[in-house]
Amino acid sequence: MSTLSDIPESTVNPSPTTVESALTDTRLRVVLLVQVNSGAEQRFLRAYDQLSQQVAAVPGHISDQLCQSIENPSQWLITSEWESAPPFLAWVDSPAHREMVKPFHGCVEDTRSLRFSILRETLTAGSAPVDVTTRGVDAALRVGDGLVRQALTFTVNPGSEDTVAKILADYASPDARVDETTRLSRTSVFMSGNRVVRAVEVKGDLTAALRFVARQPEIKAVEEAINPYLEEDRNLDDPSSAREFFARASLPVVHHMTAGGPRPAQGVHRHALLYPVKTGCGPAVASLLARQDELAVNKEMTAEQSAKTLLSSTIFQRDDIVVRLVDLSVPLDRHPAMAAGVSGRRAAAVLGRLLDLGADGAVIDLSVDDGLRRFLADCDMTPITDRQAADH
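Since the model is a prediction, treat every value here as computed from it, not as a measurement.

*Asks:* Account for the overall build of the protein chain, with residues named and values stated.
*Replies:* Regarding its fold elements, the protein chain presents 11 helices and 14 strands. For the protein chain, the accessible area works out to roughly 19,600 Å², and carbon and sulfur atoms hold 52% of it.

Right, dumping it as structure tokens:
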């Protein structure tokens, strides 16, 4: 695990670098706002009691609380504390979680989930001190850019890739303005084989934006058009089926960073890299890539403020699906090590042990530029569409 606090002080970039990461050892507070249907309160309580007993056995879980609003009895609040974000993210995206929450279906009208790293903790006078993180008192302060990022991934039937790509490329964009505080900023869609990855950036409330988009006729038409080609059936008009699909398709952000200083007005190359992760190595790959990106950006910015190559990196990870979305100021193969997310032979060797390289029998050496270029050519996803709001 790494944060910017691990970087020697002499290498820290004096310009503000945006770093947003779940790959830390900081304790996590999860807040779930719930609107319970009238008359379903007892059913909701029974479902919570059952869930709380089950989640108590999940590795990384510390505690949870159930609260009811004193102003509006229909509003409830569930809070839970976790040792860090990775075990929570692994659980919340698992089939086991989807089974655990099924008893809530039908008695809950609306939910909103918020996740926070615990940075400071105020204790009652005289009580024993408690570390805020699992490895020390001070948690790394991260700098945001006001954007919320999320991705969805799903697979389509082999042989339908060209048809699906055309559907996803040709739709009309919905209105970027969701409400007074929320706007759609950017949508990027990529494909590799029969896997689709759709990454979105939102200014404001991600949940409100996704619900707004789902209601737009342009998007409904796209979703209906690709339904026949999906490997796993879905019905977005059925709440239960829709929940199942989004739970399966969710590809959460575990790390994001943007280099400080001015960004080029043009000539930015966006790529999505799908890493061929060995079974069980997804979290390790995501952590390694996050650390390498931070080191590369800070080293580059310290050396020369105007020579930025890696402008931003967003790492999406669920289980062994790892996608790294990068914005580069140069073509992908100009600086292959930085583009691939490794710097030096040691990092290349570690990444090589975590990946399933040379599936076709060829040997790929990540410690040399030629091997890195072959690797990048293999895992670079095909861009389908990249749409930005006018004021992005």
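What follows picks up the thread again.
*Asks:* Describe in detail the nonpolar core, supporting the description with residues and values.
*Replies:* Of all hydrophobic cores here, the largest spans 61 residues; its most connected members are Trp 91, Tyr 275, Leu 351 and Phe 375. In terms of residues, this core owes the most to one element, helix α8 (residues 282–303), which gives seven residues. Not counting residues within four places of it along the chain, the set of residues in contact with Trp 91 comprises Leu 51, Val 55, Val 58, Trp 82, His 97 and Met 100. Of all hydrophobic cores here, the second largest spans 28 residues; its members include Ala 165, Ile 219, Ala 249 and Ala 389.

*Asks:* How would you sum up the side chain of Glu 294? Please name residues and give values.
*Replies:* Secondary-structure assignment places Glu 294 in helix α8. It is Arg 291 that comes nearest to the buried, bridge-free Glu 294 among opposite-charge side chains, at 4.8 Å. In terms of polar contacts, Glu 294 uses its side chain to reach the side chain of His 255, at 3.2 Å.

*Asks:* Got a sec to walk through the packing of aromatic side chains? Specific residues and values, please.
*Replies:* Tallied over the entire structure, the rule returns eight aromatic pairs. A centroid spacing of 5.7 Å and a plane angle of 55° characterise the contact between Tyr 275 and Phe 375, whose relative ring orientation is tilted. Linking Tyr 275 in strand β11 (residues 269–275) with Phe 375 in helix α11 (residues 369–379), this pair joins segments that are 100 residues apart in sequence. Overall, the relative accessible area of 3% leaves Tyr 275 in the buried class. Following the ring pairs from residue to residue traces out a cluster consisting of Phe 44, Trp 76 and Phe 104. The ring of Phe 245 has Arg 234 lying over it, and the distance from NZ or CZ to the ring centre is 4.5 Å.

*Asks:* So what about the pairing of strand β10 (residues 253–258)? Which residues, and what values?
*Replies:* With five of its six residues buried, β10 lies for the most part within the structure. One ladder, built from four bridges, connects strand β1 (residues 18–21) with β10; its direction is antiparallel. Looking at the pairing, Glu 20 lines up with His 256 of β10. Relative to strand β12 (residues 310–318), β10 runs antiparallel, the two sharing five bridges. Bridging from a neighbouring strand, Val 253 pairs with Phe 316 of β12.

*Asks:* How would you summarise the pattern of salt bridges if you had to cite specific residues and measurements?
*Replies:* Under the definition given, this model contains 14 salt bridges. Across the salt bridge formed by Arg 112 and Asp 205, the nearest N and O atoms sit 3.5 Å from each other. Of the two residues, Arg 112 sits in strand β5 (residues 108–117) while Asp 205 sits in the loop between β8 (195–203) and α5 (206–215), which places them 93 residues apart along the sequence. Here the residues in one salt-bridge network are Arg 27, Arg 29 and Glu 81, joined through shared partners.

*Asks:* So what's going on with the sheet that holds strand β6 (residues 147–155)? Which residues, and what values?
*Replies:* The strand order across the open sheet built from five strands is β9-β6-β8-β7-β14, with neighbouring strands paired in antiparallel fashion. Each having just a single partner strand, β9 (250–251) and β14 (382–388) make up the two edges of the open sheet. Bridge analysis of strand β7 (residues 183–192) against β8 gives nine bridges, and the strand direction is antiparallel. What sits directly across from Ser 192, in β8, is Arg 195.

*Asks:* Break down unusual backbone geometry for me, with residues and values.
*Replies:* Trans peptide bonds make up most of the peptide bonds, and negative phi angles are found at most residues other than glycine. Even without glycine at this site, Asp 319 takes up a positive phi of about 55°. Examined against the element boundaries, Asp 319 turns out to sit in the loop between β12 and β13 (321–328). A relative accessible area of 47% means that Asp 319 is categorised as partly exposed.

*Asks:* Describe helix α7 (residues 239–249), with residues and values.
*Replies:* Looking only at α7, the buried set comprises Ser 241, Ala 242, Phe 245 and Ala 249. On an axial view of α7, the arc spanned by its buried residues comes to 100°, and they lie on one face. For α7, the elements touching its buried residues are β6, β9 and β12.

*Asks:* Residues and numbers for the environment of Glu 99, please.
*Replies:* Relative to the assigned elements, Glu 99 resides in helix α3 (residues 95–100). Given a relative accessible area of 49%, Glu 99 falls into the partly exposed group. Separated by 48 residues in sequence, Glu 99 and Leu 51 have C-alpha atoms that sit 9.9 Å apart.

*Asks:* Go over the sheet that holds strand β2 (residues 28–36), please, and point to the residues and values.
*Replies:* A sheet is described by the order of its strands in space; here four strands give the open sequence β3-β4-β2-β5, paired in antiparallel fashion. Single-partner strands in this sheet number two, and they are β3 (61–68) and β5. Along the sheet, successive strands turn relative to each other by an average axial angle of 15°, direction set aside. As paired elements, β2 and strand β4 (residues 75–82) share eight bridges and run antiparallel to each other. Residue pairing for β4: Val 31 is matched across the bridge by Thr 79. Along the sheet, helix α1 (residues 41–55) contacts β2, β3, β4 and β5; its crossing angle with β3, the most-contacted strand, is approximately 170°.

Reading guide: rules and limits
- Residues numbered from 1 in each chain as written.
- Predicted model: local features only at pLDDT ≥ 70, side-chain atom pairs only at ≥ 80, totals over all residues.
- Heavy atoms only, no water.
- Helix = DSSP H or I, 4+ residues; strand = E, 2+ residues; numbered from the N terminus.
- Areas by Shrake-Rupley, 256 points an atom, 1.4 Å probe, with all protein chains shown as cover.
- Core = buried A, V, L, I, M, F, W, Y, C linked by side-chain atoms within 4.5 Å.
- Buried < 20%, exposed > 50% of the residue type's maximum accessible area, 1.4 Å probe, protein only.
- Contact = heavy atoms within 4.5 Å.
- Lys, Arg positive; Asp, Glu negative; His and termini not counted.
- Salt bridge = Lys/Arg side-chain N within 4 Å of Asp/Glu carboxyl O.
- Polar contact = N/O pair within 3.5 Å; in protein donor to acceptor, adjacent residues only side chain to side chain.
- Phe/Tyr/Trp six-rings, centres within 6.5 Å; stacked < 30°, edge-to-face > 60°.
- Lys NZ or Arg CZ within 6 Å of the ring centre and 35° of its normal.
- Pairing = 2+ DSSP bridges.
- Arc of directions from axis to C-beta.
- Axes fitted to C-alpha atoms, helices over the stretch in contact; angles between N-to-C directions.

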